[in-house]
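Chains, contacts and geometry: an overview
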Amino acid sequence: QVQLVESGGGLVQPGGSLRLSCAASGFTFSSYTMSWYRQAPGKERELVAVITSAGSTNYADSVKGRFTISRDNAKNTVYLQMNSLKPEDTAVYFCYAVTPRYVVPKRNYWGQGTQVTVSS
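Residues numbered from 1 in each chain as written. Predicted model: local features only at pLDDT ≥ 70, side-chain atom pairs only at ≥ 80, totals over all residues. Heavy atoms only, no water.

With that settled, consider the side chain of Thr77. Here Thr77 shows up in strand β8 (residues 77-82). Its relative accessible area of 9% is what places Thr77 among the buried residues. From its side chain, Thr77 meets the backbone oxygen of Lys75 in a polar contact 2.8 Å long. The residues contacting Thr77, other than those within four sequence positions of it, are Ser21, Cys22, Ala23, Phe29, Ser70, Arg71 and Asp72. (Helix = DSSP H or I, 4+ residues; strand = E, 2+ residues; numbered from the N terminus. Buried < 20%, exposed > 50% of the residue type's maximum accessible area, 1.4 Å probe, protein only. Polar contact = N/O pair within 3.5 Å; in protein donor to acceptor, adjacent residues only side chain to side chain. Contact = heavy atoms within 4.5 Å.)

Here it is as structure tokens:
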């Protein structure tokens, strides 16, 4: 059974930091591209950060220089270190796993989400 379980969300003041974790099970984690998405109330879900199986990363412009995505294949876990948080970072953050583009058929999985609230 595939599971993606996020943790680490919460309430933080502007300028603060949080580290999100996503523990994966039920699939070959090291082979998958892992991402973090977020969805704020009334807005569409948006991509925040991506890390490939090879460790290449990419970020949304809005979080570049503040957020860092990383993975530990030995622990089947992907992380999102969030620094210098802003109120506009408030959202539910989702973990997402997908097979690389060259793998057919495509397989993809979502976590249940974790709430991040940035407020004074």
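Here we take up the pairing of strand β9 (residues 91-98). Among the eight residues in β9, seven count as buried, and that is most of the element. Pairing geometry for β9 and strand β11 (residues 114-118), over three bridges, is antiparallel. From the neighbouring strand, Val92 faces β11, where its bridge partner is Gln115. Bridge count between β9 and strand β10 (residues 108-110): three bridges; the pairing is antiparallel. Residue Tyr96 lies in a different strand from β10, and its bridge partner there is Trp110. (Pairing = 2+ DSSP bridges.)

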